[in-house]
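Structural characterization, general
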Amino acid sequence: MNKELIKKGFIVGLIGFAVGIPVGIAFMLLFSSEDWSAMRIAIHLFLSGVLGGVALGSSVMYEAESWSVTRCTVTHFIVTFATYFMIGFSLGWLSLDDISTYIMIGCMTAAYFSIWISMYLVTKKQTKDLNEKLAQWKQTKETEKEEF
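This report concerns the structure included in the present document. On a predicted model such as this, the values are computed, not experimentally measured, just so you know. (Residues numbered from 1 in each chain as written. Predicted model: local features only at pLDDT ≥ 70, side-chain atom pairs only at ≥ 80, totals over all residues. Heavy atoms only, no water.)

**Notes on the overall build of the protein chain**
- What the protein chain contains, in helices and strands, is four helices and zero strands.
- If you list the helices and strands of the protein chain from N to C, you get α-α-α-α.
- The globule rule puts the C-alpha radius of gyration for 148 residues at 15 Å, and the 22 Å found for the protein chain is more than 25% above it.
- By principal-axis analysis of the C-alpha atoms, the protein chain measures approximately 85 × 35 × 20 Å.
- In the protein chain, buried positions account for 26% of the 148 residues.
- Contacts spanning at least 24 positions in sequence make up 64% of the contacts within the protein chain whose residues lie at least 6 apart.
- As presented, the protein chain carries roughly 10500 Å² of accessible surface, and 68% of it is formed by carbon and sulfur atoms. (Helix = DSSP H or I, 4+ residues; strand = E, 2+ residues; numbered from the N terminus. Rg over C-alpha atoms; globule rule 2.2 N^0.38 Å. Buried < 20%, exposed > 50% of the residue type's maximum accessible area, 1.4 Å probe, protein only. Contact = heavy atoms within 4.5 Å. Areas by Shrake-Rupley, 256 points an atom, 1.4 Å probe, with all protein chains shown as cover.)

As structure tokens, this is what we get:
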């Protein structure tokens, strides 16, 4: 990946960080019934921002022209998955003893597989269309040569 993509990833990651904080607030209000200390709230919101920043910032890898759709999707999945689970386990969102953790793993895997299938099919169609246009262009050039 080139420096411009890394720079863009950092900038987009800052946007993701800013989006992650209100999402963290929403999840905290919706799914928590316990009293939280100010420090725990601050850590929760900061790490929610980090998760948003990593997820959104790492999405620029889809713009790396030298990378295949599969490589982009798998790399983004690993980065996002690892970040989510490190933060989730450290904040107590997830537990190896809780079935919801395994459901979340299944949901994330299914979502990324769906993303990969969609991107693969779109890329395959674009490639087919480009190849057809290239074939038409070549045929036009050959016809022009014969007429000349």
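Now that the structure has been shown, we can carry on.
**Describing the environment of Lys-7**
- Along the chain, the position of Lys-7 falls in helix α1 (residues 3-31).
- Overall, the relative accessible area of 52% leaves Lys-7 in the exposed class.
- Sequence-wise, Lys-7 and Gly-52 are 45 residues apart; in three dimensions their C-alpha atoms are separated by 17 Å.

**Structural notes on helix α4 (residues 99-147)**
- Here α4 is 49 residues long and its end C-alpha atoms lie 72 Å apart, about the 72 Å a rise of 1.5 Å per residue gives.
- Within α4, burial applies to Thr-101, Met-108 and Tyr-112.
- Considering only its buried residues, α4 is in contact with α3 (69-91). (Expected span 1.5 Å × (residues − 1).)

**With respect to the side chain of Ser-48**
- Here Ser-48 shows up in helix α2 (residues 38-57).
- Ser-48 sits in the buried class, given a relative accessible area of 7%.
- Here the side chain of Ser-48 touches His-44 through a polar contact of 2.8 Å, landing on its backbone oxygen.
- When residues no more than four places from it in sequence are discounted, the contact partners of Ser-48 are Gly-20, Gly-24 and Trp-93. (Polar contact = N/O pair within 3.5 Å; in protein donor to acceptor, adjacent residues only side chain to side chain.)

**Some remarks on the packing of aromatic side chains**
- Using the criterion set out here, one finds eight aromatic pairs in the structure.
- An aromatic cluster is defined as three or more aromatic residues linked by ring pairs; in this entry it consists of Phe-77, Phe-81, Tyr-84, Phe-85, Phe-89 and Tyr-112.
- We note Arg-71 situated over the ring of Trp-67; from NZ or CZ to the ring centre the distance is 3.9 Å. (Phe/Tyr/Trp six-rings, centres within 6.5 Å; stacked < 30°, edge-to-face > 60°. Lys NZ or Arg CZ within 6 Å of the ring centre and 35° of its normal.)

**Considering a nonpolar patch on the surface**
- A cluster of nonpolar side chains, contributed by Phe-10, Ile-11, Leu-14, Ile-15, Val-19, Val-23, Phe-27, Leu-30, Phe-31 and Leu-56, occupies part of the molecular surface with about 1000 Å² of accessible area.
- What makes Phe-10 exposed here is its relative accessible area of 57%. (Patch = residues over 30% accessible without salt bridge, like charges linked within 9 Å, V, L, I, M, F, W, Y side chains within 5 Å. Salt bridge = Lys/Arg side-chain N within 4 Å of Asp/Glu carboxyl O.)

**Some words on the packing of α3 against α4**
- Where α3 meets α4, the closest approach of the two axes is 10 Å, and the angle between their N-to-C directions is 160 degrees. The angle between α3 and α4 places the two elements in the roughly antiparallel class. Judged by the sense of rotation from one axis to the other, the crossing of α3 with α4 is right-handed. Where α3 abuts α4, its residues Val-69, Thr-70, Thr-73, His-76, Phe-77, Thr-80, Phe-81, Tyr-84, Phe-85 and Phe-89 lie against Thr-101, Met-104, Ile-105, Met-108, Thr-109, Tyr-112, Trp-116, Met-119, Tyr-120 and Thr-123.
- Residue classes in the contact of α3 with α4 are distributed as 13 nonpolar, seven polar and no charged. (Axes fitted to C-alpha atoms, helices over the stretch in contact; angles between N-to-C directions. Parallel < 35°, antiparallel > 145°, perpendicular 65-115°, else oblique. Left-handed = near helix turned anticlockwise from the far one by under 90°. Nonpolar A, V, L, I, M, F, W, Y, C, P; charged D, E, K, R; others polar.)

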